[in-house]
Amino acid sequence: MPRIRAAAPPAPDRSLSDDVVRLTAVSKVHGRGAGAVRALRGIDVRVARGGFTAVMGPSGSGKSTFLHCAAGLDRPTEGTVTLGGQDLTGMDETALTRLRRDRVGFVFQAFNLMPSLTVLENITLPLRLAGRRPDRAHLASVVERVGLADRTGHRPGELSGGQQQRVALARALVTRPEVVFGDEPTGALDTMTAKEVLGLLRETVDDLGQSVVMVTHDPVAASYADTVLFLADGRLVDTLSAPTADRVADRMSRLGAWA
Ligand SMILES: Nc1ncnc2c1ncn2[C@@H]1O[C@H](COP(=O)(O)OP(=O)(O)OP(=O)(O)O)[C@@H](O)[C@H]1O
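Rules of the game
- Residues numbered from 1 in each chain as written.
- Predicted model: local features only at pLDDT ≥ 70, side-chain atom pairs only at ≥ 80, totals over all residues.
- Heavy atoms only, no water.
- Buried < 20%, exposed > 50% of the residue type's maximum accessible area, 1.4 Å probe, protein only.
- Helix = DSSP H or I, 4+ residues; strand = E, 2+ residues; numbered from the N terminus.
- Arc of directions from axis to C-beta.
- Contact = heavy atoms within 4.5 Å.
- Polar contact = N/O pair within 3.5 Å; in protein donor to acceptor, adjacent residues only side chain to side chain.
- Near = heavy atom within 4 Å.
- Areas by Shrake-Rupley, 256 points an atom, 1.4 Å probe, with all protein chains shown as cover.
- Nonpolar A, V, L, I, M, F, W, Y, C, P; charged D, E, K, R; others polar.
- Pairing = 2+ DSSP bridges.
- Phe/Tyr/Trp six-rings, centres within 6.5 Å; stacked < 30°, edge-to-face > 60°.
- Core = buried A, V, L, I, M, F, W, Y, C linked by side-chain atoms within 4.5 Å.
- Salt bridge = Lys/Arg side-chain N within 4 Å of Asp/Glu carboxyl O.
- Axes fitted to C-alpha atoms, helices over the stretch in contact; angles between N-to-C directions.
- Parallel < 35°, antiparallel > 145°, perpendicular 65-115°, else oblique.
- Left-handed = near helix turned anticlockwise from the far one by under 90°.

Trainee: Explain helix H5 (residues 136-145) to me, using residue names and the numbers behind them.
Mentor: All of the buried residues in H5 are His-138, Leu-139, Val-142 and Val-143. All buried residues of H5 lie within an arc of 130° about the axis, which places them on one face of the element. With respect to the buried face of H5, the exposed residues turned more than 90 degrees away are Arg-136, Ala-137 and Glu-144. For H5, the elements touching its buried residues are helix H4 (119-129) and helix H6 (161-173). Put simply, Asp-135 is the residue that caps the front of H5, since its side-chain oxygen is 3.1 Å from the backbone nitrogen of Ala-137. Gly-147 sits one or two positions beyond H5 and adopts a positive phi of about 75°.

Next up, the structure:
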């Protein structure tokens, strides 16, 4: 017997909630007057929830500016940015700080760990800053996932670069953020270690449904993503799904990146 569809509640509008990050007509000018630089020019991007997105482009194409605007670290000059459906553009600094702390995770090239704190203290720092208690089971699973269960009492200085980046990744994941942003997270690592960290990022997407947005210069790193966004001169000029390192490198050379 057919279901009576008319009795069902209206379907929620998934078109908004399925975008973890959305930029609409975003432009960004750094500086003023004669020294002003237009870093982004009318960017329209929808980043799907639960996906791994890489951002590539020649040096100076606006990748870092894109990431900073998308993550609420910087404000666009024009246009709107939404994160999890929430408009960041009109938020005051306090609300933005809270959003970055509670709903966003960051992994930077330079790790940015606190040298005097232990691995465990570094990982739980965002929770303590937010006045939240760690969920023990979640904390243990994050520490286990990044392979640091036997290093929790060490200081960052006693760890390899790859291990330090794993601490940074655990710290990014511990708040169960809506999205993890990576700014060249493998830029300071050797090839093998970089692959381990990229594999971990990939696993967080596949196993946890984590959304990841990562700026990189490296076609191999970009090939771990589901989608690659290509920027050139502040514009989104191309996207690539199911990327391979060769196809990414090919697109980059067409953008003049390695001419
Ligand atoms: N704070 C700033 N003040 C002035 N200009 C800036 C500032 N930040 C970035 N720019 C300029 O904006 C443009 C885009 O810079 P951005 O760092 O976003 O590019 P990028 O693609 O990340 O570059 P790279 O790959 O070299 O890191 C460049 O011309 C840069 O010089």
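Trainee: Let's hear about the site of the ligand: which residues, and what values?
Mentor: Residues in close proximity to the ligand include His-30, Val-37, Ala-39, Pro-58, Ser-59, Gly-60, Ser-61, Gly-62, Lys-63, Ser-64, Thr-65 and His-217, which together make up its full environment. In the environment of the ligand, an oxygen atom lies 2.6 Å from a nitrogen or oxygen atom belonging to the side chain of Ser-59. Calculation on the ligand without its partners gives an accessible area of 630 Å², and the protein chains cover 58% of this total. Listed by contribution, the elements that provide at least two residues to the shell around the ligand are strand S2 (37-48) and helix H2 (63-70). By residue number, the principal contributor to the shell around the ligand is H2, which donates 3 residues. Class assignment for the residues of the shell around the ligand results in 3 nonpolar, 8 polar and 1 charged.

Trainee: Account for the pairing of strand S9 (residues 227-232), with residues named and values stated.
Mentor: With 5 of 6 residues buried, S9 lies mostly within the body of the structure. Sheet topology places strand S3 (residues 52-56) next to S9; 4 bridges connect them, and they run parallel. Opposite Ala-54, over in S9, you have Val-228 as the bridge partner. Across 6 bridges, the pairing between S9 and strand S10 (residues 235-241) is antiparallel. Note on S10: the bridge partner recorded for Leu-229 is Thr-239. Hairpin connection, S9 to S10: the antiparallel pair is bridged by 2 residues, and Asp-233 has positive phi, about 50°.

Trainee: Give a detailed account of the sheet that holds strand S1 (residues 19-30), specifying residues and quantitative values.
Mentor: Strand order in the open sheet made by the 4 strands is S2-S1-S4-S5, with antiparallel pairing throughout. Every interior strand has two partners, whereas the edge strands, S2 and strand S5 (86-87), have only one. As defined by bridge partners, S1 adjoins strand S4 (residues 78-83) across 5 bridges and the pair is classed as antiparallel. Looking at S4, one finds that Ser-27 is bridged to Glu-78.

Trainee: If you had to explain the packing of aromatic side chains to someone new, which residues and values would you point to?
Mentor: All told, the structure shown has 2 aromatic pairs when counted by the stated rule. Here the aromatic rings of Phe-106 and Phe-108 are separated by 5.7 Å at their centres, their planes lie at 10°, and the arrangement is stacked. Judged by relative accessible area, Phe-106 falls into the buried class, the value being 15%. For Phe-108, a relative accessible area of 24% puts it in the partly exposed group. Arranged with centres 6.2 Å apart and planes meeting at 25°, the rings of Phe-106 and Phe-181 form a pair that is stacked. On the criterion of sequence distance, the pair formed by Phe-106 in strand S6 (residues 104-108) and Phe-181 in strand S7 (residues 179-183) is long-range, its members being 75 residues apart. The burial state of Phe-106 is the same as that of Phe-181; both residues are buried.

Trainee: Any details on the nonpolar core? Residues and values, ideally.
Mentor: Counting 40 residues, the largest nonpolar core has Ile-123, Val-228 and Val-248 as its most contacted members. Beyond its immediate sequence surroundings of up to four residues, Val-228 is in contact with Ala-54, Met-56, Ala-222, Asp-238, Thr-239, Leu-240, Pro-243 and Val-248. Phe-66, Cys-69, Met-91 and Phe-106 belong to the second largest nonpolar core, which has 28 residues in total.

Trainee: Any details on the pattern of salt bridges? Residues and values, ideally.
Mentor: For the structure on display, the rule yields 16 salt bridges. Put simply, Glu-203 and Arg-145 hold a salt bridge, and the shortest N to O gap is 3.5 Å. With a gap of 58 residues between them, Glu-203 in helix H7 (residues 191-208) and Arg-145 in helix H5 connect regions that are remote in the sequence. With relative accessibility at 35%, the residue Glu-203 sits in the partly exposed group. The structure contains a network of salt bridges with shared partners spanning Asp-19, Arg-22 and Arg-46.

Trainee: Summarise the packing of H6 against H7; cite the residues concerned and give the values.
Mentor: Contact geometry of H6 with H7 gives a least axis separation of 10 Å together with a crossing angle of 15°. Here H7 runs roughly parallel to H6, going by the angle between their axes. Two packed elements cross with a definite hand, and for H6 against H7 that hand is right-handed. Where H6 approaches H7, its residues Gly-162, Gln-165, Arg-166, Leu-169 and Leu-173 are matched on the opposing element by Thr-193, Glu-196, Val-197, Leu-200, Leu-201 and Thr-204. Broken down by class, the residue content of the contact of H6 with H7 amounts to 5 nonpolar, 4 polar and 2 charged.

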